[in-house]
Amino acid sequence: MVISVKDLVKRYGQLVALDHLDLQVEKGEVFGLLGPNGSGKTTAINCILSLLRYDKGTIEIFGKSMRPDAYDIKRDIGIIMQNVAVFDELTVYENINYFCGLYVADKEKRRTLVEEAIEFVGLGDFRKFYPKKLSGGLLRRLNIACGIAHKPKLIILDEPTVAVDPQSRNNILEGILRLNKEGATIIYTSHYMEEVEQICSRIAIMDKGRVIASGTKEELKAMIKSGEKINVHTFTLGQKELGKIRELPHVTAVEYEEDQLTVCYDGGRHNLIVLLDFLKARDISFGKVYAQQPTLNDVFLQITGKQLRD
Amino acid sequence: MQVFKTFFMILKKSAPQMCIYLGVFLGLSIMFTTIAPSTQQAASFEPSAFRAAVINKDADGELSKAFVSYLEETAELVDIGSDREALQDAMFFRKIDCVITIPENFSADFLAGKDPQIQTSSIKDSVGAVYAQMQIDKYWSTAELFRDFGGDAAPERIGGWTAESLREQAVVQLSDESVGDPSQNQLNYHFRYLCYVMIALMILGITSIMMSFNKKDLRMRNLCSPLKLGRMNLQIVLASLLFSVASWAILVGLGLILYMKSIVSAQMVLLFCLNSFVMMLCCLSIGYLASLFVKNRNVQGAVYNIASLGLCFLSGVFVPQQLLGSTVKAVASFTPTFWYVKANDEISALSHYDWDAVSSIVGYAGIQLAFAATILLVALAIGRYRRRSNA
Amino acid sequence: MFSHTYINRLKIMVRQKDTMFWSLLFPLLLATLFYFAFSNLTSAENFEIVPVAVVDDAAYREDALLTETVKAVSQESDDQLFTVTYTDEEEAAKLLDEGKVDGYIVMESGQPKLVVKQSGINQTIAKAFLDEYIKTGRSMETIAEQNPAAFAQGLLEKLSERNSYTKEVPLGKDDSDPTVNYFYTLLAMTCLYGGFLGLKCVTDTMPTQSPQAARLNVAPVHKAKAFTYGLLAALTINLVQTLLVLAYVTLVLGVSFGSQIGFVLLAILAGCVTGVSFGAFLGTVIPGKENLKVALLIALSLLFCFLAGMMFIDMKYIIATNLPLLSYLNPATLLTDAFYTLYAFDNHNRFFLNLMLLGGMSVIMCTASYFVMRRQKYASL
């Protein structure tokens, strides 16, 4: 177990930011912390890092209790903050070197580490640039390089892709997976479910300071009743046919509005074929057909009754 | 009026900061005005008593005794003893202006015509010490007169005559239309230091707000808006004006309330207000100009100091104008503060208010107004140039 | 670890070019301005010629001695005291009112009287002149009674003689020129402005203040140590700046700091330590964001320097005599005073008292900020 958070409570005055939060992260995972803005992701991260005081609970990292002066633990953590945390007065190289130097005292060793980090985020051409001259995406990459140059075993990324162009975003996501392959455990927070779905091996969904669901994305999707959703563009569908469709296996809900038929299933396979066969058998002509797998948004919607994104 | 509103929203956010500035400068202003005039009067050789410690090593000498009793009359003698460190300390703390040591056998030596000397240790160039020096010289030059021409009189008589001659002083009369009431000075002082306070406050206030305004992305957003640059500047200037007028009103209002006793006439108050209002416009322009250079807090501290202290020292806010050298004055005449102080001094010396008397003051106000306009135009031009070149 | 933090902190501060530029420019520029503004000040007693009016009536012309003396001191020469306008009383009053003259002399029952509109240096000079005249008149009357032959013995020649009866024996080592105090307060201000650097150090170390600091806090470094190294870097820069200002003020402007350069440097070191600690103290102890702290730093350092006599030399003495405790608590006064004692006195008791107080102040401020900084978790970021 890399991280073990038990019963964590953090209050800001009246507001309960973390409400008996439990989190377990296994070695080698890419662990996603998904939740809308204000759900307590960053607060949880800051508590785990011992930056914030909390009211109750225990936090263990690498099996040891995490404290502000637990330097042996901190040595193996890399952190990429939500806000870009670099010095405007230092160049790209100097910034990475400075932050790496807080972890690695040996100069020779540091030099190779810094070079590797620069290589890793692809800032080779910008070594001597000051952060102000970098574009938003490049700045984010520098921000990441500063956090990972010392080759930590645990990397925590707090919304690293906010306000980043798609190209840099892909670069960043790929990089995270590469780091994971090289052996690092990753904690990744985001409110972009696509990203989380794309890279995370395990996901916890947070809302109002609590983990409301966790597991692999398949497990999460399996948790909710709604499964596949099929949309069919068709005319002339009568109440009778709709009633029949409702009786097909696994169907949970049927809607028909403005020539658009939506059929929801709670599981089962080959639902599409069954539906199309049904339509053909009744000579109902149809146009565009597409099937949607449930998203994490549906999971969130199902559990909380609200959209993941506002 | 979006820019205008934003200005005040930022102002509202920086309210605690503004309160600190306003508080400190109000405090300074009060201290300036209540403490400064008394010291300033001492600098004008008012025949106030100087403070001295006397060490008489010639305790038996008749003339020395007479001299000490003369000093007792004219000076405030402080008994400190003869310990050197104690004397040094007393002088250091300005408990005394000087130490007067009468050497042994002084009286006898003097009568014998040997030209002995009184030893003085004084705070150099302190008014009290210079005054003491004058009194001592006056005493002994008179005594010498009687020694040489008094027909071989006894030392007691020489002492008596000397004291008698020195007792009488010239009559000084303040003219009917005089403004010699010292409390009246306070209003003059208040308005004089107001100039410093306003420059400092407005540079700090306006640069603080403009720092938020000029943050790169915000500025670019503003520049992208369909608002004309000129209109935007106008709104900013208007907002700064409102801020400045409010600060000015607080400072002036407070001064008038505090020094109500010093108010001689409504016309004088009006002139003081007019003069300071015009100066306020200058400060506003200076603040706006400064905001073009101030991009972070540390620079702010330095720029406001250079502008406020520099202008005020140069143009006679802290050091009275008549004490400034003519070269300095010539240079200072290129600053608006110089004309402000000049006008201020003249206003407080006014005794009637016909056009002849007031015209020069109005002229000085006009010069300040021209400064205000010029500085503002320069600032706007620089701003325009900058926006074009590297927005 | 030390060199890594120290060097990088130096880089971060030095590369804030506009900050470096302005914080160095302001004391240099002000020192230059002081120099020019005060060049005339010490010789303020070398008064300019005083314009007076004399009511030239029969009573005045009767007094031959006064007429002659006035004529003598208003003749164009190096010793010229007055420029005199002879006129009638009405006109004289008008001249006075218009500010063309500083006062006018009119005879009243056989004695000259001075009429002025306000008190001032020129008016006092005029009065002193009349005092002298009256005294001389009295003395001559007395002598004439006692020794009618005196005039024949050269009384009048004697009168025009000017002797000094005093000898200045300085208590300290140097003659003191009070305007040096302005430069001392300016140097004190430069030291106190090191507070900005101390404050910046807090901003970059305290996670509530900046994301960079948060990053530092998750690294395996002792925060208080990193903070201390950062402050040392700030101190270094503040020292270099202050020394540059000192060099300019002494070598270029020729302001005297006494002859004990070692002690002057010691005082500057103490001043810089206090300045940086002051910034660290404000930064850690005052809650809230940087803006507020900067405002406090600016306002307080100005207040300190004001009380140390930056705008009025006398302020320092007024405080010292009336509120001595305040002098002991004001770092600007202590530093100004330390320079002053080196300049004016030959013993170091007072100097070391000042330095000890500065040191004590720094220790208290640093300890306080250490305890705040040592706190490792925060209620909110």
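Since the model is a prediction, treat every value here as computed from it, not as a measurement.

**Some words on the overall build of chain A**
For step 1, the next point in the chain: The helix and strand tally for chain A stands at eleven helices and 14 strands.
For step 2, the next point in the chain: Projecting the C-alpha coordinates of chain A onto the three principal axes gives extents of approximately 75 × 45 × 35 Å.
For step 3, the next point in the chain: Partitioning the contacts of chain A with sequence separation of at least 6, the portion at a separation of at least 24 is 68%.

**A short note on the domain arrangement of chain C**
For step 1, the next point in the chain: Domain annotation of chain C identifies domain 1 (2-40 + 177-374) and domain 2 (50-158).
For step 2, the next point in the chain: Here the C-alpha centre of domain 2 of chain C lies 54 Å away from the C-alpha centre of domain 1 of chain C.

**Some remarks on the arrangement of the chains**
For step 1, the next point in the chain: A comparison of contact numbers over the two pairs of chains in contact places chains B and C at the top.
For step 2, the next point in the chain: For the non-touching pair chain A and chain B, the nearest C-alpha separation works out to 11 Å.

**Quick notes on helix α3 (residues 62-74) of chain B**
All names here are of chain B.
For step 1, the next point in the chain: Look at α3: 19 Å from first C-alpha to last across 13 residues, which is about the 18 Å you get at 1.5 Å a residue.
For step 2, the next point in the chain: Along α3, the positions that sit buried rather than exposed are Leu 63, Ser 64, Ala 66, Phe 67, Tyr 70 and Leu 71. The arc that holds the buried residues of α3, viewed along the axis, is 160°, so those residues lie on one side. Summarising the geometry of α3, the exposed residues directed more than 90 degrees from the buried face are Ser 69, Glu 72 and Glu 73.

**Overview of the interface of chain C and chain B**
For step 1, the next point in the chain: Contacts between the two partners involve 86 residues from chain C, matched on the other side by 84 residues from chain B.
For step 2, the next point in the chain: Counting residues per element, the ones that place at least two in the side of chain C that touches chain B are α2 (17-38), α5 (89-98), β4 (111-116), α6 (121-146), α7 (155-160), β5 (166-168), α13 (290-307) and α14 (313-322) of chain C.
For step 3, the next point in the chain: Considering each element in turn, the side of chain C that touches chain B owes the most residues, 13 residues, to α6 of chain C.
For step 4, the next point in the chain: Of the residues that constitute the side of chain C that touches chain B, the class distribution is 47 nonpolar, 23 polar and 16 charged.
For step 5, the next point in the chain: In this sheet, β5 of chain C lies alongside strand β4 (residues 118-122) of chain B in parallel orientation, the contact comprising three bridges.

**Thoughts on the sheet that holds strand β6 (residues 77-80) of chain A**
Residue and element names in this part refer to chain A.
For step 1, the next point in the chain: Spatially, the six strands line up as an open sheet ordered β6-β7-β8-β3-β9-β10, and their pairing is mixed. Two strands in the sheet have a free side with no partner beyond their single neighbour: β6 and β10 (210-215). Direction aside, the axes of adjacent strands within the sheet are offset by 15° on average.
For step 2, the next point in the chain: Relative to strand β7 (residues 154-158), helix α1 (residues 41-48) is tilted by about 150°, and along the sheet it contacts β3 (30-34), β7, β8 (185-190) and β9 (202-207).
For step 3, the next point in the chain: Along the sheet, helix α5 (residues 136-148) contacts β6 and β7; its crossing angle with β6, the most-contacted strand, is approximately 165°.

**What to know about the domain arrangement of chain A**
For step 1, the next point in the chain: Taken domain by domain, chain A comprises domain 1 (3-222) and domain 2 (225-293).
For step 2, the next point in the chain: Centre-to-centre separation of domain 1 of chain A and domain 2 of chain A, based on C-alpha positions: 43 Å.

**What to know about the interface of chain C and chain A**
For step 1, the next point in the chain: The interface is formed by 24 residues belonging to chain C together with 29 residues belonging to chain A.
For step 2, the next point in the chain: Secondary structure elements with two or more residues in the side of chain C that touches chain A: α1 (2-14) and α10 (211-218) of chain C.
For step 3, the next point in the chain: For the side of chain C that touches chain A, the element with the highest residue contribution is α10 of chain C, accounting for seven residues.

**A short note on the packing of helix α12 (residues 261-285) of chain C against α13 of chain C**
Residues and elements named next belong to chain C.
For step 1, the next point in the chain: Taken N-terminus to C-terminus, the directions of α12 and α13 make an angle of 140°; their axes are 10 Å apart at the nearest point. When the interaxial angle is binned, α12 and α13 end up oblique. Considering only the axes of α12 and α13, their crossing is right-handed. Judged by residue contacts, Gly 279, Leu 282 and Gly 283 of α12 engage Lys 293, Leu 296 and Leu 297 from α13.
For step 2, the next point in the chain: For the contact of α12 with α13, a count of residues per class yields three nonpolar, two polar and one charged.

**Details of the sheet that holds strand β2 (residues 82-87) of chain C**
For step 1, the next point in the chain: Strand order in the open sheet formed by five strands is β5(B)-β4(C)-β3(C)-β1(C)-β2(C), with mixed pairing between adjacent strands. Strands at the two margins of the open sheet, each flanked by one partner only, are β5 (171-174) of chain B together with β2 of chain C. If you compare each strand with its neighbour and ignore which way they point, the axes differ by 30° on average.
For step 2, the next point in the chain: Of the strands in this sheet, β1 (50-55), β2, β3 (103-108) and β4 of chain C are in contact with α5 of chain C, which crosses β1 of chain C at around 160°.

**Structural notes on the confidence of the model for chain A**
For step 1, the next point in the chain: The predicted model of chain A averages 86 in pLDDT, with 98% of residues at 70 or higher.
For step 2, the next point in the chain: Considering each helix and strand of chain A separately, the mean pLDDT is smallest for helix α11 (residues 296-304) of chain A, with a value of 78, and largest for helix α3 (residues 92-101) of chain A, with 93.

**Some details on the packing of α12 of chain C against helix α16 (residues 331-344) of chain C**
Residues and elements named next belong to chain C.
For step 1, the next point in the chain: It is at 10 Å that the axes of α12 and α16 come closest, and there the two elements cross at 175°. The orientation of α12 with respect to α16, classified from their angle, is roughly antiparallel. Taking contact as the criterion, the partners of Phe 263, Val 264, Ala 267, Gly 271, Thr 274 and Phe 278 in α12 are, on α16, Pro 331, Leu 335, Ala 338, Phe 339 and Leu 342.
For step 2, the next point in the chain: Counted by class, the contact of α12 with α16 contains nine nonpolar, two polar and no charged residues.

**Regarding the environment of Pro 207 of chain C**
Residues and elements named next belong to chain C.
For step 1, the next point in the chain: If you trace the backbone, Pro 207 turns up in the loop between α9 (194-203) and α10.
For step 2, the next point in the chain: C-beta crowding within 10 Å serves as the criterion here: with 22 such atoms nearby, Pro 207 is assigned to the buried category.
For step 3, the next point in the chain: Placed 173 residues apart in sequence, Pro 207 and Ser 380 show a C-alpha to C-alpha distance of 9.5 Å.

**Quick look at the confidence of the model for chain C**
For step 1, the next point in the chain: Mean pLDDT for chain C: 84, with 93% of residues reaching 70 or above.
For step 2, the next point in the chain: Mean pLDDT across the elements of chain C ranges from a minimum in α7 of chain C, with 71, to a maximum in α12 of chain C, with 94.

**Looking at the nonpolar core**
For step 1, the next point in the chain: Counting 253 residues, the largest nonpolar core has Ile 96 and Ala 145 of chain A together with Cys 195, Met 198, Ile 199 and Ile 203 of chain B as its most contacted members.
For step 2, the next point in the chain: In terms of residue count, the dominant contributor to this core is helix α8 (residues 182-213) of chain B (18 residues).
For step 3, the next point in the chain: Residue contacts for Ile 203 of chain B: discarding those within four places in its chain leaves Ile 286, Gly 287, Ala 290, Val 303, Tyr 304, Ala 307 and Ser 308 of chain B.
For step 4, the next point in the chain: Among the nonpolar cores identified, the runner-up in size contains 38 residues, and Ile 102, Phe 110, Ala 143 and Leu 145 of chain B belong to it.

**Notes on unusual backbone geometry**
All names here are of chain A.
For step 1, the next point in the chain: Notably, Phe 62 is not glycine yet its phi reads approximately 50°, a positive angle.
For step 2, the next point in the chain: Note that Phe 62 resides in the loop between β4 (56-61) and β5 (64-65).
For step 3, the next point in the chain: Positioned with a positive phi, Asp 283 is a non-glycine residue whose angle comes to about 55°.
For step 4, the next point in the chain: Here Asp 283 shows up in the loop between α10 (271-281) and β14 (286-292).
For step 5, the next point in the chain: Asp 283 gets classed as exposed once you count the C-beta atoms within 10 Å, which come to 6.

**Describing α1 of chain C**
Residue and element names in this part refer to chain C.
For step 1, the next point in the chain: Its 13 residues give α1 an end-to-end C-alpha distance of 18 Å, which sits within 8% of 18 Å, the value for a rise of 1.5 Å per residue.
For step 2, the next point in the chain: Buried within α1 we find His 4, Thr 5, Asn 8, Arg 9, Ile 12 and Met 13. Buried residues along α1 cover an arc of 145° about the axis, so they all sit on one side. Among the exposed residues of α1, those pointing more than 90 degrees away from its buried face are Phe 2 and Ser 3.

**Structural notes on the pairing of strand β13 (residues 260-265) of chain A**
Regular strands place their side chains on alternate faces of the sheet.
All names here are of chain A.
For step 1, the next point in the chain: The pairing of strand β11 (residues 229-234) with β13 spans five bridges and is classified as antiparallel. Residue pairing for β13: Lys 229 is matched across the bridge by Cys 264.
For step 2, the next point in the chain: As paired elements, strand β12 (residues 251-257) and β13 share six bridges and run antiparallel to each other. By the bridge assignment for β13, Glu 257 is matched with Gln 260.
For step 3, the next point in the chain: Where β12 hands over to β13, the hairpin turn is made up of two residues, of which Glu 258 adopts a positive phi near 45°.

Conventions and cut-offs
Residues numbered from 1 in each chain as written. Chains lettered and ligands numbered in written order. Predicted model: local features only at pLDDT ≥ 70, side-chain atom pairs only at ≥ 80, totals over all residues. Helix = DSSP H or I, 4+ residues; strand = E, 2+ residues; numbered from the N terminus. Contact = placed C-beta atoms within 7 Å. Domains from an automatic or database assignment. Expected span 1.5 Å × (residues − 1). Buried ≥ 20, exposed ≤ 12 C-beta atoms within 10 Å, placed from the backbone. Arc of directions from axis to C-beta. Nonpolar A, V, L, I, M, F, W, Y, C, P; charged D, E, K, R; others polar. Pairing = 2+ DSSP bridges. Axes fitted to C-alpha atoms, helices over the stretch in contact; angles between N-to-C directions. Parallel < 35°, antiparallel > 145°, perpendicular 65-115°, else oblique. Left-handed = near helix turned anticlockwise from the far one by under 90°. pLDDT = per-residue confidence, 0-100. Core = buried A, V, L, I, M, F, W, Y, C linked by C-beta atoms within 7 Å.

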